[in-house]
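# Reading the structure
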Amino acid sequence: MKHLFIRLVWGLLALLGAVALSKVALSRGESLNALWLITAAVCLYLIAYRFYAAWIAAKVLCLDDTRATPAERLNNGQDFVPTHRWVVFGHHFAAIAGPGPLVGPTLAAQFGYLPGTLWILVGAVLGGAVQDMVILFFSTRRNGRSLGQMARDEIGPIGGTAALMGTFCIMIILIAVLGLVVVNAMKHSPWGTATVTATLPIAMLVGVYMRFIRPGRVLEGSALGVGLLLASVMFGGWIDHHPILAPWFDYDGLPLAYGIIAYGFAAAVLPVWLLLAPRDYLSTFMKLGTVLLLAIAIVVLHPEIRMPAITPFIDGTGPIFGGKLFPFVFITIACGAISGFHALIASGTTPKLLMNERDIRMIGYGAMLLESFVAIMAMIAATVLEPGVFFAINSPAGVVGKAAFDAVNTISQWGYQVTEAQMQHLADVMGESTLFARTGGAPSLAVGMASIFGRVFGEHLLALWYHFAIMFEAIFILTTLDAGTRVGRFMLQDMLGNLHPKLGETSSLPSVILTSAIVVSGWGYFLYIGVIDPNGGVNILWPLFGIANQMLAAIALAVATGILIKNNQGRVAWITGLPLAWLLLVTTTAAYQKILSDDIRVGFFAAAKALGEQLRLGLLPPEKVAVAPQLIFNQYLDAWLTVFFIAMLWLVVADMLRMSIRHWRKLPVLVSSEVPYQFSQAHRE
C-alpha cells in the first residue's frame, strides 16, 4: 500500500508538471500567471532528481559510499579537506551560481519569456546537471584532477593539451568578466561595498570557529555566520546613509578592481577552510534566502507575466543584443541551463572537499537544479515588468537615443508603450536619478525583484529593496570569482606539473604563490583594461562570455563521453553525448556568425571594419574619435579569441572520437587514470 501511495504521488506530480508546462508553452495572447512557471519548474526538477539522477548515480556511475575520497586520502589541511556535505553543497552552489542565472535570462527576455524558459528547464535537467554530476564523479575518482588534465590523461596528448589551453584561457576571460560585473555593481555603492567587505572577516571567523573552537558544530557555525551576515546587510544600509562613513566605502571602478584582484589572490592562497569554503557557504544562505523570499513573494502575489511569449525580435533585430533566436538564446541563457564553468568547479575545489561519493548526486545534480530555479526566478522578475519599461532599462542609448524623449518614442514605435513620467517615477521610488539605458541586465532584474518585494512587503521600501537586490547580485557573482581563481590555480599547477613535478604539488607553498600570482595577473589585466575602457568595459569581453562558457561545457561533455566509452559504457554514453551534439551545433553556429557575419551588430570583424571606415572618413563624433582605436582593437581581440576557442573545442572532440574509435576496434588506448579502490576509514567509523 505504501509503494502504491508513493507511485500515486509521483504520478500526480508528473501530471501537474505536464499541465503547467503545457500552459507555459501554449499560452498565446492571454496573460500568464507566474505561478505556472514555478509549478512547471518544481515538478520537473523533483522528477528529474528522483528518477533520472538516481538512475545515473546507480547504473552509470555506480557511486560507492565505502570508497575513500581524495579529501580523506590526501588530506593536507590546505586544499584537500574532508568537509561536511552541507558545507560542500553551500560552497559548490555559491561557486557555480554567478551572473549567468541572473543576467542571462533577463537579457534573453528580449525574445519573450517562452524560449528562455523552455531552455532553462530542459537544458538544466538533461544537460547542465548531468555534466556537473558526471565531471564531479570522474574528478573525484582521479584525485580531484582538473578537467584539462583528465582530458590529457584519458583521451590523449593532442586533445588533452587543447583542453588544458582552451579551458585555462576561457577561465581567465570568464573571471575577468565576473570581476568587471562586480566592479560595475559596487561602483559608488557604499551599501554594497560595505556589506561585501564585511563578509570576509565574518567568513574567516566562522572558518576558525568550525575548525578549532567548536569542530563539527555546523549548525552553531551557520547560526553565527548567518546572524553576522544579516547584521552586515543592516550595517551596510546604515553606512550608506551616514554622511561621514559613506565616503569611506564610495569608490570608483579602479580602486575596487585593485581590491578584487587582492581578494582573488588571497582566496587562491589561503587554506580553503579559512576563507573560501565558509564564505561561499555563508553566501549561499543569502542567495537561497533571497531566492526563497522571492519565490514566496511570487506565490503570495501571483503576478501576471507581461512580456509576450515570443517577441518580433527573434529575427535578430533586438535592441539589447544582435543575433537571431537560434543560436543566441542558448548562448545568452548560459549558466541557467548548462555552464562549462561548473565543470571547472566540479573538477577543482569541490572534489577535494567531498567526504563521501554518495553526496555527488546531491551536490552535482542538485546544485545545478537549484541554480536553474534561480534562473526561473530571474526570468519571472524580468518579465513581470511592463515590456516598455524592460526595453527602456536594457536598450543602449545608441539604439534608442540618449534623450528620454527619443527613447520613449523609439520603444513606443516597437509596440511597447512607455512614458517619460512613468520612467522618472520608477527611478524616483528606486532611489536612482534615471533608469534609462541601464544595460547589462542587473538593474532591470533589481527593479523587477524590488517591484515584487515592494508589493508584498511594503511599497514604501522600494528603494531599500532595489539596493538590496543590487548588493545581492554583487555577492552572487563574487563567490564565483573567488572559487574560479582557485580553480584556475589548480589548472595551471596541473599544466606546469607536466614540466616540473614540484610545480604541480598543491601542498607546495612556493608553487601555490607563483601559480596564484600568474592566474590573478592574467584576469586582473583584462579586468584593468575593462575598468579603464571609456565605454564601460563590458564591450571588451562580454560578447565572449556566453559563447566561451558553452564551448567549455562542450569540452567537458566531450571528455565525459570519451571516459564513458573507454570504460566500456558506450551504451549509456548518450547521457553526455546528446547534450554534446547539441552544444557543438549551437557553439559552432554562434562562432561562425560572430566571426564571419556581415551584420555589424553580430560579426566582430564586420563591426571592426565598419568602425575603422567611419574613423577614416571622419564620420565619427569628436567624443568617439578618441576611443575608436581601442574599440576596434577590442572587436579584433574578440574575433581571434573566438577562433582560438572553437579550434580548441574541435581538437578535443576530434581526439575524443579518435580514442573512441580505437577503443571500439580494440586497439591500444591510454590506461585509465582512475585511482585504485581504497576502503574509507570514515565509513568504518
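For the structure given in this document, a descriptive report is provided here. This structure is a prediction, so every number in the text was calculated from the model and none was measured. (Residues numbered from 1 in each chain as written. Predicted model: local features only at pLDDT ≥ 70, side-chain atom pairs only at ≥ 80, totals over all residues. Heavy atoms only, no water.)

## Some points on the overall build of the protein
When you go through the protein residue by residue, the secondary structure sums to 28 helices and two strands. In terms of overall dimensions, the protein is globule-like: its C-alpha atoms have a radius of gyration of 24 Å, near the 26 Å expected for 685 residues. Taken along its principal axes, the extent of the C-alpha atoms in the protein is 70 × 60 × 55 Å. Buried residues in the protein amount to 60% of all 685 residues. Across the protein, contacts joining residues at least 24 apart in sequence account for 82% of those joining residues at least 6 apart. Carbon and sulfur atoms provide 67% of the accessible area of the protein, an area that totals close to 26,000 Å². Computed over 42 positive and 37 negative side-chain charges, the separation of the two mean positions in the protein equals 11 Å. (Helix = DSSP H or I, 4+ residues; strand = E, 2+ residues; numbered from the N terminus. Rg over C-alpha atoms; globule rule 2.2 N^0.38 Å. Buried < 20%, exposed > 50% of the residue type's maximum accessible area, 1.4 Å probe, protein only. Contact = heavy atoms within 4.5 Å. Areas by Shrake-Rupley, 256 points an atom, 1.4 Å probe, with all protein chains shown as cover. Lys, Arg positive; Asp, Glu negative; His and termini not counted. Charge placed at Lys NZ, Arg CZ, Asp CG, Glu CD.)

## What about the pattern of salt bridges?
A side chain with one charge can pair with a side chain of the opposite charge if their charged atoms come near. Inspection of the entire model under this criterion finds eleven salt bridges. A salt bridge links K566 to E154, with the shortest nitrogen-to-oxygen separation between them at 2.9 Å. Placement of the pair is K566 in helix α23 (residues 538-566) and E154 in helix α7 (residues 147-154), with a sequence separation of 412 residues. For the pair formed by K566 and E154, the shared burial category is buried. Residues E613 and R616 are paired through a salt bridge, measuring 2.5 Å at the closest nitrogen-oxygen approach. Residue E613 and its partner R616 are both found in helix α25 (residues 604-616); the two are separated by three residues, about one turn of the helix. By relative accessible area, R616 is classed as exposed at 58%. Residues joined in a network through salt bridges with shared partners are R67, R141, E357 and E674. (Salt bridge = Lys/Arg side-chain N within 4 Å of Asp/Glu carboxyl O.)

## Regarding helix α22 (residues 509-531)
Compared with the 33 Å implied by 1.5 Å per residue over 23 residues, the 31 Å span of α22 between its first and last C-alpha is a close match. For α22, the set of buried residues is S511, V512, T515, S516, V519, V520, W523, G524, F526, L527, I529 and G530. (Expected span 1.5 Å × (residues − 1).)

## What about a nonpolar patch on the surface?
Together, L8, L12, L15 and V19 give the surface a local cluster of nonpolar side chains, amounting to about 390 Å² of exposed area. Along the polypeptide, L12 turns up in helix α1 (residues 2-26). (Patch = residues over 30% accessible without salt bridge, like charges linked within 9 Å, V, L, I, M, F, W, Y side chains within 5 Å.)

## Examining the packing of helix α6 (residues 113-140) against helix α24 (residues 574-596)
Two elements in contact, α6 and α24, have axes whose closest approach is 10 Å; the angle formed by their N-to-C orientations is 125°. Here α6 lies oblique to α24, going by the angle between them. You can see that α6 and α24 cross each other, and the crossing is left-handed. Residue-level contacts link W119, L126, G127, V130 and V134 of α6 to I575, T576, P579 and W582 of α24. Each residue belonging to the contact of α6 with α24 can be placed in one class, and the counts come to seven nonpolar, two polar and no charged. (Axes fitted to C-alpha atoms, helices over the stretch in contact; angles between N-to-C directions. Parallel < 35°, antiparallel > 145°, perpendicular 65-115°, else oblique. Left-handed = near helix turned anticlockwise from the far one by under 90°. Nonpolar A, V, L, I, M, F, W, Y, C, P; charged D, E, K, R; others polar.)

## Structural notes on unusual backbone geometry
As a rule of thumb, non-glycine residues mostly have phi less than zero, and peptide bonds are mostly trans rather than cis. A cis amide bond links F326 with the next residue in sequence, P327, at an omega value of 10°. Mapped onto the secondary structure, P327 falls in helix α13 (residues 325-333). Positive phi, normally seen in glycine, also occurs at H302, with a value near 35°. Judged by relative accessible area, H302 falls into the partly exposed class, the value being 40%. Positioned with a positive phi, K666 is a non-glycine residue whose angle comes to about 60°.

## Focus: the packing of helix α11 (residues 253-269) against α22
For the pair α11 and α22, interaxial distance at closest approach is 9 Å and the crossing angle is 160°. When the interaxial angle is binned, α11 and α22 end up roughly antiparallel. Crossing geometry of α11 relative to α22 is assigned as right-handed. Residue-level inspection shows G253, L254, A257, Y258, I260, I261, G264, F265, A268 and V269 of α11 in contact with α22, the latter providing V512, I513, S516, A517, V520, W523, G524, L527, Y528 and V531. Partitioned by chemical class, the residues of the contact of α11 with α22 number 16 nonpolar, four polar and no charged.

Remember, this is a structural readout, not a statement about activity or role.
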